[in-house]
Number of protein chains: 2
Amino acid sequence: MPTPEPRDPSRVARQAQMRDQNLGVALRGIVDAPEPLSRAQLAASEGLARATVSGLVDHLIEARLVRELDPTQTQRAGRPAVPLAPARGTVAGIGMEVNVDYLGVRAIDLAGDVLAEHVELDDLRGAGPGAVLDRLAALVGPVIDGLRDGGVRVAGTALALPGLVDRVTGPLRVAPNLGWRDVDVVGALSALTGLPPRVANEANLAARAEAHARRGSPSFAYVSGEVGIGGAIVLDGEIFPGRHGWSGEIGHIVVDAFRGPRASDGSLEALAGQDAMLRAAGLPPTARLDALLDALRADDPRATAAVAQAARALGVALASVANVVDVGEVVLGGTFGQLFDHVHDEVAARLDELVIFAPWSPLVVSPARAGVYPAMTGGALAALSTVLVDPAEWLRTH
Amino acid sequence: MPTPEPRDPSRVARQAQMRDQNLGVALRGIVDAPEPLSRAQLAASEGLARATVSGLVDHLIEARLVRELDPTQTQRAGRPAVPLAPARGTVAGIGMEVNVDYLGVRAIDLAGDVLAEHVELDDLRGAGPGAVLDRLAALVGPVIDGLRDGGVRVAGTALALPGLVDRVTGPLRVAPNLGWRDVDVVGALSALTGLPPRVANEANLAARAEAHARRGSPSFAYVSGEVGIGGAIVLDGEIFPGRHGWSGEIGHIVVDAFRGPRASDGSLEALAGQDAMLRAAGLPPTARLDALLDALRADDPRATAAVAQAARALGVALASVANVVDVGEVVLGGTFGQLFDHVHDEVAARLDELVIFAPWSPLVVSPARAGVYPAMTGGALAALSTVLVDPAEWLRTH
DNA sequence: CGGTTTAGTTTGCCGGATGAATTTATCCCG
DNA sequence: CGGGATAAATTCATCCGGCAAACTAAACCG
């Protein structure tokens, strides 16, 4: 009789893992709370006994993941509660990004504060991966050293790239606009910085930052218009990664299958990418988005028509996404965030027209609010999430 | 200080729920196993102690969810193992379906055996919901009574409908090809059969049956070509439901945004639905699929061109799905299952051309293998899943 | 200053997973 | 044909961790 292979053991409940799991529940409860909770409130909100929560919180405080704030003086009888908040400057997640026009680093702690940040603007089209990663490492290395010298534990690093990245194993498959293909990014950066980074698609990490900025557990489709068009699906506050981390490639949706000899001539990126919009607006390919915005403000008819055409393609593509994954909100980031006022109506109209559930659950189109370089923020949050997901395991190894 | 609302308490680990959870792990391990496992094998595969598994299995046997098979005589030293298998004929899930051309019931037990089945073929287009649901209840009632008289516990019922159905609350929003809109199906059937059914989209339930037929935990996009075109996304063997159960509406993907005055004129259903194919093939709208298949076998050029055109639209739409949700396999069911040999090459070619990850993870296109009326099977499985997900809870209430 | 109220801690209890020891049931070999 | 080897299943003492109740702490109130 053949021995069956061990299945994923994560589903079975063991008492040893019970405490670890509840430690994570407690930590996430404290970090995600819109305002500081006391031990008693935490116990009530998670449904645990006060005694249990007290033990967990003590553990978290000792590990410097949580801090006690000064007791609030309320005008109420009873012993005052001790508010709990995520610790500041004790653990950092490091987000990195290499994109077509810039590269940079951002370090964030559990409280969400930015501990360090460096961005260098430069046109990296055609620059080889080796040189660029060297440059990134030169940026990141001092940041890591500085944090460690200040007593900050580095939870991990995550790198955002504008291309197709394997979720688990990490190699970059292809980044068309950088001209990279089959690059072992994890290996290269591990050697340079001493830490193996997570690597992920830029839009997926930007969407993570966006989900974080909208507390609660929002569900939306995120569109990141950079030079290309990326995207991501967020469900209940979680990035939907797909099997390999290759999900959300909204730019490759074909909205006009019969336009050219190749079906890909009708893809969203071909119709609404930055280059396509600039060309249709009669601007030189070297122009930047600001030129297009200026033309729009001046009511230039070619620019207006170009953006309208792009917005139609975008709306149609997003309607397909909504029909397939049943999301009720669309968030426009990057280029489309800047063009938001010029594309909103057309996108909303196409969603209303095409999404089958629109009559029962109207779709919302909103601009991104995660700030500048959201993928760097998302990367830092991704790095921190290793602590939040299983703090006990993380503490054992740090 | 405001008391925070209690969060979802399912994430915290309690010892009381530990046993319940492991009971489910054990039951699913036995039911999902490709061949009967012994207690010892189950313990090894789930990572639980043998003593623990023994206790759980005893409980499952006493509850008549699991049975012991005769010990196998192996050519090996040691006490022979007692193989465990799902019990037969002790619990049934009941799947029901109302579609354009038929309605029916199928009852399945934990072993996957069909305990009862009735199908009535009839054109239900335009028939009102009231009359049709009466007719369905007349079919289902005797099945339920017969099962109960035979000592079979009915785990629940699930109804498949060719339309948009709310996952939790259950009202049918719209079923275009039946001409139904905003029907309280759950209320009507509860009154008629005494059991509140789950209600779900036909394609989603058919995909569930398909996932069950392909053991392991497959990930694929399922296309159900009936009169309309439905679809579903399966990830790791689980239906991806979306927020409301409105996911997978592949028929509403627009592949030709500039074809007609309305963007929806370029939807997959408009281009590759049964009516569109018949029309393009020069067949009367009253013709059935068999006529199209005959014409294809006779190398009729109009039929060949019609199917080629539909296949191109289908391939383009499925490429968009693959790019967005990162699935590696496409399963063609319903009409497209019957047309499989005529559409496979075109669909596969479009996927290879358009899916960005195709060079690293080639896509597979395969025909459905869940048999006839897969949505009825899927409904029965959905009803049974209430037992499998939390057997302890189910036993408490039955 | 004693009573009230709420936060947090201590303590004994209890359920359930666990590993080791034991029992059961077979095969194998002399 | 009987004793040793081997593997499955069960029994049992142990331990871990959550839990309820009792208790202490720290405020407000009259």
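As a convention, each chain's residues are numbered from 1 in the sequence order in which they are written. Chain letters start at A and ligand numbers start at 1, both assigned in the order the entries are written. Per-residue local features of the predicted model are confined to residues with pLDDT of at least 70, and side-chain atom pairs are confined, for both listing and counting, to 80 or more; whole-chain, interface and lining totals are unaffected and use all residues.

1. Focus on the overall build of chain A
Tallying secondary structure elements over chain A gives 14 helices and 15 strands in all. Our radius of gyration is a C-alpha quantity, and the globule rule it is checked against amounts to 2.2 Å times the number of residues to the power 0.38. What you see for chain A is a C-alpha radius of gyration of 23 Å, in line with the 21 Å of a compact globule of 398 residues. Its C-alpha atoms give chain A principal-axis dimensions of about 70 × 65 × 50 Å. Exposure in this text rests on C-beta crowding, where 20 or more other C-beta atoms within 10 Å of a residue's own make it buried, 12 or fewer make it exposed, and counts in between make it partly exposed. The C-beta atoms are placed from the backbone. Burial analysis of chain A (398 residues in total) assigns 49% to the buried set. Contact criterion: two residues are in contact if their C-beta atoms, reconstructed from the backbone, are within 7 Å. Across chain A, contacts joining residues at least 24 apart in sequence account for 62% of those joining residues at least 6 apart. Helix numbering and strand numbering both begin at the N terminus, where a helix is a DSSP run of H or I of at least 4 residues and a strand a DSSP run of E of at least 2.

2. A word on the relation of the copies chain A and chain B
When chain A is fitted to chain B, the residual RMSD is 0.1 Å, and the transformation amounts to a turn of 180 degrees plus an axial shift of 0.1 Å. Here the two chains are linked by the operation of a two-fold rotation axis. Comparing interface residues between copies, 100% of those in chain A also sit at the interface in chain B, which points to an isologous, same-surface contact. We place the copies in one frame by least squares, fitting the C-alpha atoms of every residue whose pLDDT is at least 70 in both.

3. Comments concerning helix α13 (residues 374-389) of chain B
All names here are of chain B. The span one expects for a helix is its residue count, reduced by one, times 1.5 Å. Between the first and last C-alpha of α13 there are 21 Å, a value that for 16 residues agrees with the 22 Å anticipated at 1.5 Å per step. Maximum bend of α13: about 30 degrees, positioned at Ala 383. Across the 16 residues of α13, 13 count as buried, placing the element largely inside the fold. Each residue is assigned a bend, namely the angle between axes fitted to the seven residues that terminate at it and the seven residues that start at it.

4. Comments concerning the sheet that holds strand β3 (residues 91-98) of chain A
Residue and element names in this part refer to chain A. When DSSP finds at least two bridges between two strands, those strands are taken to pair. The strand order β5-β4-β3-β6-β10 describes an open sheet built from five strands, whose pairing is mixed. Only two strands of the sheet have a single partner each, and these edge strands are β5 (114-121) and β10 (198-201). Strand after strand, the sheet turns through a mean of 15 degrees between neighbouring axes, direction not considered. Bridging between β3 and strand β4 (residues 102-109) involves seven bridges; their strand directions are antiparallel. Along β4, the bridge assignment pairs Met 96 with Val 105. Helix axes use the C-alpha atoms of the stretch in contact, all axes being lines fitted to C-alpha atoms, and the angles between their N-to-C directions lie in the range 0 to 180 degrees. Across the sheet, helix α6 (residues 202-213) touches β3, β6 (153-161) and β10, and the angle it forms with β10 is around 95 degrees. Docked against the sheet, helix α13 (residues 374-389) engages β3, β4, β6 and β10, running at close to 140 degrees with respect to β3.

5. Quick word on the protein's contact with DNA strand C
Every one of the 32 residues lining DNA strand C counts as a neighbour, but Ala51(A), Ser54(A), Gly78(A), Arg79(A) and Ala51(B) are closest to it. Breaking the surface near DNA strand C down by element, the ones donating at least two residues are α2 (39-46) and α3 (50-62) of chain A together with α1 (15-32) and α3 (50-62) of chain B. Residues that form the surface near DNA strand C fall into these classes: 14 nonpolar, 11 polar and seven charged. The criterion for a residue being near a molecule or strand is a backbone-placed C-beta atom within 6 Å of that molecule or strand. Classes in brief: Ala, Val, Leu, Ile, Met, Phe, Trp, Tyr, Cys and Pro nonpolar; Asp, Glu, Lys and Arg charged; the others, Gly included, polar.

6. What about the protein's contact with DNA strand D?
Surveying the vicinity of DNA strand D reveals 32 residues, the closest of which are Arg79(A), Ala51(B), Ser54(B), Gly78(B) and Arg79(B). Residue contributions to the surface near DNA strand D peak at five residues, all from helix α1 (residues 15-32) of chain A. For the surface near DNA strand D, a count of residues per class yields 14 nonpolar, 11 polar and seven charged.

7. Quick look at the packing of helix α10 (residues 301-325) of chain B against helix α12 (residues 340-354) of chain B
When two helices pack together, their arrangement is given by the angle between the helix axes and by the axis-to-axis distance. Residues and elements named next belong to chain B. Between α10 and α12, the shortest axis-to-axis distance is 8 Å and the interhelical angle comes to 40 degrees. Regarding the angle of α10 to α12, the classification is oblique. Considering the relative orientation of α10 and α12, their crossing is right-handed. Along its contact with α10, which presents Val 307, Ala 308, Ala 311, Arg 312, Leu 314, Gly 315, Val 316, Leu 318, Ala 319 and Ala 322, the element α12 presents His 342, Val 343, Glu 346, Val 347, Ala 349, Arg 350, Leu 351 and Leu 354. Among the residues forming the contact of α10 with α12, the class breakdown is 13 nonpolar, two polar and three charged. Here is the rule for angles: anything less than 35 degrees is roughly parallel, anything more than 145 is roughly antiparallel, 65 through 115 is roughly perpendicular, and the remaining ranges are oblique. Definitions for this section: a left-handed crossing has its near helix turned counterclockwise from the far helix by less than a right angle. A right-handed crossing has that turn clockwise.

8. Some words on the interface of chain A and chain B
Across the contact, 61 residues belong to chain A and 61 residues belong to chain B. Among the secondary structure elements, those contributing two or more residues to the side of chain A that touches chain B are α1, α2, α10 (301-325) and α12 (340-354) of chain A. Ranked by residue count, the leading element in the side of chain A that touches chain B is α10(A), at nine residues. Partitioned by chemical class, the residues of the side of chain A that touches chain B number 31 nonpolar, 19 polar and 11 charged.

9. Here we look at the environment of Val254(A)
The residue Val254(A) is located in the loop between β13 (238-239) and α7 (268-272) in this model. Taking the C-beta count within 10 Å as the criterion, Val254(A) has 32 such neighbours and is therefore assigned buried. Sequence separation between Val254(A) and Ser264(A) is 10 residues, and the spatial gap between their C-alpha atoms is 6.5 Å. Other than its neighbours up to four places away in sequence, Val254(A) contacts Ala263(A), Ser264(A), Gly266(A), Ser267(A), Val255(B), Val316(B), Ala319(B), Ser320(B) and Leu354(B).

10. Thoughts on the nonpolar core
The nonpolar core is taken to be a set of buried Ala, Val, Leu, Ile, Met, Phe, Trp, Tyr and Cys residues joined by way of C-beta atoms within 7 Å. Ranked by size, the top nonpolar core spans 260 residues in total, and within it Ile94(A), Leu314(A), Ile94(B) and Leu314(B) carry the most contacts. Contacts of Leu314(B), omitting those with residues within four sequence positions, involve Leu268(B), Ala272(B), Phe336(B), Val343(B) and Val347(B).

11. Topic: the packing of α1(A) against α3(A)
All names here are of chain A. Where α1 contacts α3, the two axes come as close as 10 Å, and the packing angle between them is 80 degrees. Relative to α3, α1 is oriented roughly perpendicular. Residues Asn 22, Leu 23, Ala 26 and Leu 27 of α1 lie in contact with α3, whose contacting residues are Thr 52, Val 53, Leu 56, Val 57, His 59 and Leu 60.

12. Focus on the environment of Ile356(A)
Tracing the backbone through its elements, the reader meets Ile356(A) in the loop between α12 and β15 (364-367). Put simply, Ile356(A) and Ala319(A) are 37 residues apart on the chain and 8.9 Å apart in space, counted from C-alpha to C-alpha.

13. Considerations on the sheet that holds strand β11 (residues 220-225) of chain A
All names here are of chain A. Here we have five strands laid out as an open sheet, ordered β13-β12-β11-β14-β15, and mixed in their pairing. Both outer strands of the open sheet, β13 and β15, are each paired with one neighbouring strand and no more. This element, α12, spans β14 (329-334) and β15 of the sheet and lies at about 160 degrees to β15.

14. Side note on helix α4 (residues 129-149) of chain A
Residues and elements named next belong to chain A. Taking 1.5 Å of rise per residue, 21 residues should cover 30 Å, and α4 covers 30 Å from first to last C-alpha, within 8% of that figure. Of all the positions in α4, only Pro 129, Leu 133, Leu 136, Val 140, Val 143, Ile 144 and Leu 147 are classed as buried. Structurally, α4 contributes buried residues whose contacts are with β3, β4, β5, β6, β9 (180-183) and α5 (185-193).

15. So, the confidence of the model for chain A
Looking at chain A, pLDDT values average 93 and 97% of them are 70 or higher. For every residue, the predictor assigns a confidence score, pLDDT, that lies between 0 and 100. Contacts of residues 1-6 of chain A to residues separated by more than four positions or lying in other chains number 11 contacts, the stretch itself having pLDDT below 50.

16. Let's talk about the environment of Val185(A)
Residues and elements named next belong to chain A. Looking at the element boundaries, Val 185 is found in helix α5. Residue class for Val 185 comes out buried when judged on the 23 C-beta atoms lying within 10 Å of it. Taking the C-alpha atoms as reference points, Val 185 and Leu 133, separated by 52 residues in sequence, lie 8.1 Å from one another. With residues up to four places along the chain from it excluded, the contact list for Val 185 reads Leu 133, Leu 159, Gly 170, Pro 171, Leu 172 and Val 199.

17. Describing the pairing of β3(A)
Residues and elements named next belong to chain A. Summarising burial for β3: eight of the eight residues are buried, a large majority. A two-sided burial pattern is seen for β3, the buried positions comprising Val 91, Gly 93, Gly 95 and Glu 97 on one face and Ala 92, Ile 94, Met 96 and Val 98 on the other. Of the pairings in the sheet, the one linking β3 to β6 comprises seven bridges and is parallel in character. In the strand pairing of β6, Val 91 is matched with Arg 153. Turn length for the β3-β4 hairpin, with the two strands adjacent in sequence and antiparallel, is three residues.

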